[in-house]
There are 2 protein chains.
Amino acid sequence: MKILLIGGRGTIGKKVAAALDNHELIFAGRGGGDISGHTGGGIASRDEQVDIASPASIEKLFQRLPVLDACVCTAGTGYYGDFQTMTEAHMTNGIRGKLLGQINLVLIGKDYLREGGSFTLTSGVAAEMPAHNGTTVAMINGAINSFVLGAAQELKQDKRINVVSPGLVEDSMERYGAMFPGYDPVPMARVVNGYLRSILGAGNGKVIKVYQ
Amino acid sequence: MKILLIGGRGTIGKKVAAALDNHELIFAGRGGGDISGHTGGGIASRDEQVDIASPASIEKLFQRLPVLDACVCTAGTGYYGDFQTMTEAHMTNGIRGKLLGQINLVLIGKDYLREGGSFTLTSGVAAEMPAHNGTTVAMINGAINSFVLGAAQELKQDKRINVVSPGLVEDSMERYGAMFPGYDPVPMARVVNGYLRSILGAGNGKVIKVYQ
C-alpha cells in the first residue's frame, strides 16, 4: 500500500511508520516530514513538505503524489493555557492547524485517494476528559470526532475515514506528563494498533479511543 | 433571576422563555431579540441587539446589561450542504457564529455573571448522529460539547456551564423534517426541560442530550 503519513516523523507517527515498514510510506510535515532527524522507513519511502494549515499546500502535496491507499494524519497542535485570560485568538492556531488542517486533508484529499482508500485522523482524550487548561484542545478534538462521523457517511467509492483518539501516550510522558496528573499513560503499541485497525481494517466512521 | 436569552425569540428560545416567565428576561439577537414578531415575555423583559459572531458586539452587550444570573444561547446556524463540493469556506459561517459565537459568550461573559451564575449553550444531535449533508454541523456541535466539558472545570466563583443537545425538535418539523428522515421529533416540553435543568438546577459540565 502507498501510505501518506502526515506527522510521520513525530512522536506517534514514527511508531505507526515502524509498524508499516512493509508498505510504501510517504512522510510529510512542515519540515519535509523529517522533524525528528530520522530518514527512511518503509519500502521506497520519501519525504515531502506540507503545511496542513494551508489548503493550497495540501492541494499541491496531493497533486505531486501518486494515487494513495491511505492518508494518515498524526500532526497538529492545540493550545494549552489559562482559561481566565483565554480569548478567541488563542484558539485560532489550533482551529487552523489541527482542526481545519485535518478537515481540509479530507475535503481536498478525498479525490486523490484510490477506491477503497482510507483516511485516519487524530483527536485525543481531551474530547471527553479534558485536562486543566485544555479547553481549546478539548473543543478541537470533539470537533474532529464528530466531523469523522459525518464524513464517513458521505465518502464515495468505498472510501473510509476513522479517527484515533489517544490518551496521554507513553512517549510523551516526559514532555507532557506534568500537564496530565492522573492520566494513565497509554503504551505506544496500543496507540499504533489503533492506527493499524483504521488503515488496514475495514471500519468506517469509528472513533477509536485508545485510553482507559 | 435575571436571565439573558440569546436567540430567545427563535423556535427553541421562545418556548424556553415561556417556561421562565416568572423571571426577568433579557432577549437578545441580531434583530434586537425580536426576530419572530413577538414582544414581551417574563417580568420586566427587554430586547437587546447582539451579533454573537462579533466579540465586540458581545462585549458591548454585557457592558450595558445588569449583572446576570444566567446566560442562555439558543442561537446559531450551521451549514448543510453537499460534502463532495464542500470547502473550508462553507464551514466559516458556522464556525464564526454557532461555534466561536457561543465560545466567546462564555470567554467574555464569564466576568459579567454573578457568583453561582450559569451558562447554557446549544449543540445538537448531529454531534453523535449527523444527517446526510450535516458534517459541518456535526463538527460544530461536537466542538461545543467538548468545550463545555473543559470550561466547566475552569469557571470560578461556582459559575456553571452546560450544553443542551436537542434532536430534531417538533416545532422545526415542518421547516427541517425532510432533511432528517427517521429522526424522532422531540417534544418541545422535553427540550425546554433540558434548558430548565441547566438554568435552574445545579449541574455543571453536563451535555444534556434531548433525543432518543
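If you're wondering where the values come from, they're calculated on a predicted model, not measured in any experiment.

## A short note on the relation of the copies chain A and chain B
Okay, so step 1: Between the two copies, chain A and chain B, the superposition gives an RMSD of 0.0 Å; the rotation angle is 180° and the shift along the axis is 0.0 Å. Both copies are brought into coincidence by an operation consistent with a two-fold rotation axis. No C-alpha of chain A approaches the rotation axis more nearly than that of A:Ala143, which lies at 2.1 Å.

## Observations regarding the packing of aromatic side chains
All names here are of chain A.
Okay, so step 1: The tally for this structure, following the rule as stated, stands at 8 aromatic pairs over all chains.
Okay, so step 2: Centroid distance Phe62 to Tyr112: 5.4 Å. Interplanar angle 15°. Geometry classified as stacked. Linking Phe62 in helix H2 (residues 55-64) with Tyr112 in the loop between helix H3 (88-109) and strand E5 (113-122), this pair joins segments that are 50 residues apart in sequence.
Okay, so step 3: The partly exposed category is assigned to Tyr112, whose relative accessible area is 22%.

## Focus: the confidence of the model for chain A
Okay, so step 1: When pLDDT is averaged across chain A, the result is 93; 94% of the residues are at 70 or more.
Okay, so step 2: Both scores are available for the predicted complex, with the pTM at 0.95 and the ipTM at 0.94.

## Brief notes about the interface of chain A and chain B
Okay, so step 1: Facing the 37 residues of chain A at the interface are 37 residues of chain B.
Okay, so step 2: A buried area of about 3,000 Å², summed over both sides, lies between chain A and chain B, and 62% of it is on carbon and sulfur atoms.
Okay, so step 3: In terms of surface lost to chain B, no three residues of chain A exceed A:Phe83, A:Glu88 and A:Glu154, which account for 23% of the buried area on that side.
Okay, so step 4: Here chain A is connected to chain B by 2 salt bridges.
Okay, so step 5: Note that B:Arg96 is salt-bridged to A:Glu88, the shortest N-O span being 2.4 Å.
Okay, so step 6: Our count for the chain A to chain B interface comes out at 20 residue pairs in polar contact (both at pLDDT 80 or more).
Okay, so step 7: Breaking the side of chain A that touches chain B down by element, the ones donating at least two residues are H3 and helix H4 (135-152) of chain A.
Okay, so step 8: A per-class count over the side of chain A that touches chain B returns 20 nonpolar, 11 polar and 6 charged.

## Here we look at helix H6 (residues 188-200) of chain B
Residues and elements named next belong to chain B.
Okay, so step 1: Compared with an ideal rise of 1.5 Å per residue, which puts 13 residues at 18 Å, H6 spans 18 Å between its outermost C-alpha atoms and is within 8% of the ideal.
Okay, so step 2: Three or more residues of H6 are buried, namely Met188, Val191, Val192, Gly194, Tyr195, Leu196, Ser198 and Ile199.
Okay, so step 3: Residues of H6 that are buried make contact with strand E1 (2-6), helix H1 (13-18), strand E4 (68-73), strand E5 (113-122), strand E6 (160-166) and strand E7 (207-210).

## Notes on the pattern of salt bridges
Okay, so step 1: Under the criterion given, the structure shown has 18 salt bridges over all chains.
Okay, so step 2: A:Arg9 is the salt-bridge partner of A:Asp47, the closest N and O atoms lying 2.7 Å from each other. Separated by 38 residues along the polypeptide, A:Asp47 in strand E3 (residues 43-49) and A:Arg9 in the loop between strand E1 (2-6) and helix H1 (13-18) bring together distant segments of the chain.
Okay, so step 3: Since its relative accessible area comes to 4%, A:Arg9 is described here as buried.
Okay, so step 4: B:Glu48 is the partner of B:Arg64 in a salt bridge, and the nearest nitrogen-oxygen pair spans 2.6 Å. One end of the pair, B:Arg64, is in helix H2 (residues 55-64); the other, B:Glu48, is in strand E3 (residues 43-49), with 16 residues separating them in the sequence.
Okay, so step 5: Relative accessible area serves as the criterion here: at 39%, B:Arg64 is assigned to the partly exposed category.
Okay, so step 6: A relative accessible area of 11% means that B:Glu48 is categorised as buried.
Okay, so step 7: What emerges from the salt-bridge pattern is a single network uniting A:Arg46, A:Glu48 and A:Arg64.

## Regarding the nonpolar core
Okay, so step 1: Among the nonpolar cores identified, the biggest contains 76 residues, and A:Phe147 and B:Phe147 are the most heavily contacted of them.
Okay, so step 2: The residues touching B:Phe147, leaving out its near neighbours within four places in the chain, are A:Phe83, A:Met91, A:Thr135, A:Met139, B:Ile103, B:Val106, B:Leu121 and B:Ile161.

## Details of the environment of B:Tyr80
Residues and elements named next belong to chain B.
Okay, so step 1: The residue Tyr80 is located in the loop between E4 and helix H3 (88-109) in this model.
Okay, so step 2: For the pair formed by Tyr80 and Thr11, sequence separation is 69 residues and the distance between their alpha carbons is 18 Å.
Okay, so step 3: The contacts of Tyr80, once residues within four sequence positions are left out, are His132, Asn133, Gly134, Val137, Met179 and Phe180.

## Looking at the packing of H4(A) against helix H4 (residues 135-152) of chain B
Okay, so step 1: The N-to-C vectors of H4(A) and H4(B) enclose an angle of 150°; their axes lie 6 Å apart at closest approach. Here H4(B) runs roughly antiparallel to H4(A), going by the angle between their axes. Between H4(A) and H4(B) the crossing geometry is right-handed. Facing A:Thr135, A:Ala138, A:Met139, A:Gly142, A:Ala143, A:Ser146, A:Phe147, A:Gly150 and A:Ala151 of H4(A), the residues of H4(B) in contact are B:Thr135, B:Ala138, B:Met139, B:Gly142, B:Ala143, B:Ser146, B:Phe147, B:Gly150 and B:Ala151.

## Quick look at unusual backbone geometry
Okay, so step 1: Residues other than glycine seldom take positive phi values, yet A:Gln157 does so here, at roughly 55°.
Okay, so step 2: Secondary-structure assignment places A:Gln157 in the loop between H4 and strand E6 (160-166).
Okay, so step 3: A residue is classified by how much of its surface remains accessible, and A:Gln157, at 45% relative accessible area, is partly exposed.
Okay, so step 4: Positive phi values are uncommon outside glycine, yet B:Asn133 reaches one of about 75°.
Okay, so step 5: By the secondary structure assignment, B:Asn133 is in the loop between E5 and H4.
Okay, so step 6: Of the residues examined, B:Asn133 reaches a relative accessible area of 23% and is grouped as partly exposed.

Conventions adopted
Residues numbered from 1 in each chain as written. Chains lettered and ligands numbered in written order. Predicted model: local features only at pLDDT ≥ 70, side-chain atom pairs only at ≥ 80, totals over all residues. Heavy atoms only, no water. Least-squares fit on C-alpha atoms with pLDDT ≥ 70 in both. Phe/Tyr/Trp six-rings, centres within 6.5 Å; stacked < 30°, edge-to-face > 60°. Helix = DSSP H or I, 4+ residues; strand = E, 2+ residues; numbered from the N terminus. Buried < 20%, exposed > 50% of the residue type's maximum accessible area, 1.4 Å probe, protein only. pLDDT = per-residue confidence, 0-100. Contact = heavy atoms within 4.5 Å. Buried area = accessible area lost by both parts, 1.4 Å probe. Salt bridge = Lys/Arg side-chain N within 4 Å of Asp/Glu carboxyl O. Polar contact = N/O pair within 3.5 Å; in protein donor to acceptor, adjacent residues only side chain to side chain. Nonpolar A, V, L, I, M, F, W, Y, C, P; charged D, E, K, R; others polar. Expected span 1.5 Å × (residues − 1). Core = buried A, V, L, I, M, F, W, Y, C linked by side-chain atoms within 4.5 Å. Axes fitted to C-alpha atoms, helices over the stretch in contact; angles between N-to-C directions. Parallel < 35°, antiparallel > 145°, perpendicular 65-115°, else oblique. Left-handed = near helix turned anticlockwise from the far one by under 90°.

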